[in-house]
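Working through the structure, step by step
Chain by chain, the residues:
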Amino acid sequence: MNLRATLKDKKRIVVKIGTSSLTHVETGRLNLTRLEILVRELSDLRNQGKEVVLVSSGAIGVGSAALGMNGKPSHLGQKQACAAVGQARLMMIYQKLFMEYNQMSGQILMTKNTLLDDLNRYNACNTFQSLLEMGVIPIVNENDTVSTYEIQFGDNDTLSAIVAALIGADLLILLSDIDGLFSDDPRTNPQAQFIDEVDSLDEHFLKMGKESTGSKVGTGGMATKLSAAKIATSAGADMVIANGRDPHVLHKIVEGEDYGTLFAAKPKEEFYLLDYIKNM
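Computed from a prediction, not measured in an experiment: that's the story for all the values here.

Here is what the cut-offs are and how they apply
- Residues numbered from 1 in each chain as written.
- Predicted model: local features only at pLDDT ≥ 70, side-chain atom pairs only at ≥ 80, totals over all residues.
- Heavy atoms only, no water.
- Helix = DSSP H or I, 4+ residues; strand = E, 2+ residues; numbered from the N terminus.
- Rg over C-alpha atoms; globule rule 2.2 N^0.38 Å.
- Buried < 20%, exposed > 50% of the residue type's maximum accessible area, 1.4 Å probe, protein only.
- Contact = heavy atoms within 4.5 Å.
- Areas by Shrake-Rupley, 256 points an atom, 1.4 Å probe, with all protein chains shown as cover.
- Lys, Arg positive; Asp, Glu negative; His and termini not counted.
- Charge placed at Lys NZ, Arg CZ, Asp CG, Glu CD.
- Polar contact = N/O pair within 3.5 Å; in protein donor to acceptor, adjacent residues only side chain to side chain.
- Axes fitted to C-alpha atoms, helices over the stretch in contact; angles between N-to-C directions.
- Parallel < 35°, antiparallel > 145°, perpendicular 65-115°, else oblique.
- Nonpolar A, V, L, I, M, F, W, Y, C, P; charged D, E, K, R; others polar.
- Core = buried A, V, L, I, M, F, W, Y, C linked by side-chain atoms within 4.5 Å.

**Some details on the overall build of the chain**
When helices and strands are counted, the chain shows 11 helices and 10 strands. In terms of C-alpha radius of gyration, the chain reaches 17 Å, essentially the compact-globule figure of 19 Å for 280 residues. Dimensions of the chain, computed from the C-alpha atoms along their principal axes, are close to 50 × 45 × 35 Å. Per-residue burial for the chain yields a buried fraction of 53% across its 280 residues. Here the contacts in the chain between residues at least 6 apart in sequence split such that 74% fall between residues at least 24 apart. Accessible surface computed for the chain: about 12,900 Å², of which carbon and sulfur atoms make up 49%. Taken together, the 28 basic and 34 acidic charged side chains of the chain have centroids lying 4 Å from each other.

Printed below as a string of structure tokens:
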């Protein structure tokens, strides 16, 4: 069976885009051209009758650039202040762009605490379900304004996989600053081999993840993406890691074209989302 061809039939899709794919490297400000293409691609998926959720990073980066800071702040209070400014600015731009394509979008901000509490998790799931039934595109981010170290997801790769599992998505797409999974870091090893498809995410592949990130603004390296793959595939979703520098790649992936690394869903009967969250 051609696994890529089955991506055409996916009905509920979560797309995650990282800060490095949303902003200009030189200034840290939003890359509006890329953002506009992303919104158009997501809107067209909705027009095809698919349910779409966007997990978007960028609040702290956008806020720090707007406040004239040089790079990402390290102090928690400054991060939270930047998130407050940046999240509002980010949502304003997203809503304006989505409205141009006659699409409704809504904001969902989550913390780890949201999912650790049974009632909060149930309510979050209902909110997603209601928004999707109404044809709204939920835009999700971690609630960095109130998050502390103890209640952080850590990065939006993990958050997007948790969202995919929570809502029963059948496809998760991580748009990153790398083409997919390689046998080694291609930035430092030109001999690194690209891996097109991962049928079973075993220790051999997990060891390829390194606790590093290729960008100054992002928080998640390949290790977090492989952790996300473990959650998503165990919950029953296929996952693709692809390069977000050209968001046109979204419709190509969904049409079954050979872009990025595809991780095949391997649903586990014993999968229990809360166990993954508690062990984070």
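**A closer look at the side chain of Ser57**
Position of Ser57 relative to the elements: it lies in the loop between β2 (51-56) and α3 (59-66). Since its relative accessible area comes to 10%, Ser57 is described here as buried. Polar side-chain contacts of Ser57 include one of 3.0 Å to the side chain of Asn156. Once residues within four sequence positions are removed from consideration, Ser57 is found in contact with Lys16, Ile17, Gly18, Thr19, Leu22, Leu90, Asn141 and Asn156.

**Topic: the environment of Ser183**
With respect to the secondary-structure elements, Ser183 resides in the loop between β6 (181-182) and β7 (194-195). Within polar-contact distance, the side chain of Ser183 engages the backbone nitrogen of Gln193 at 2.8 Å.

**Structural notes on the packing of α3 against helix α4 (residues 76-100)**
Two measures define how a pair of helices packs: the angle their axes make with one another and the distance between the axes. Where α3 contacts α4, the axes come no closer than 6 Å and their chain directions differ by 95°. One finds that α3 runs roughly perpendicular with respect to α4. Contacts from Ala59, Ile60, Val62, Gly63, Ser64 and Ala66 in α3 reach Lys79, Cys82, Ala83, Val85, Gly86, Gln87, Arg89 and Leu90 in α4. Residue classes in the contact of α3 with α4 are distributed as eight nonpolar, four polar and two charged.

**Comments concerning the packing of helix α7 (residues 156-167) against helix α9 (residues 222-235)**
Where α7 meets α9, the axes come as close as 8 Å, and the angle between the chain directions of the two elements is 5°. Compared by their axis directions, α7 and α9 come out roughly parallel. Two secondary-structure elements touch here, α7 through Asp157, Thr158, Ala161, Ile162 and Ala165 and α9 through Thr224, Lys225, Ala228, Ile231, Ala232 and Ala235. Grouping the amino acids of the contact of α7 with α9 by side-chain chemistry returns seven nonpolar, two polar and two charged.

**Comments concerning the nonpolar core**
In terms of nonpolar packing, the biggest core is built from 43 residues, with Val14, Met110, Phe128, Val140, Val163, Ile167 and Met239 touching the most fellow members. Take this core: its biggest share by element is eight residues, from α7. With residues near it in sequence (within four places) discarded, Ile167 still touches Arg12, Val14, Val53, Phe128 and Leu132. One finds Val39, Leu90, Met91 and Val240 within the second-largest nonpolar core, a separate group that totals 34 residues.

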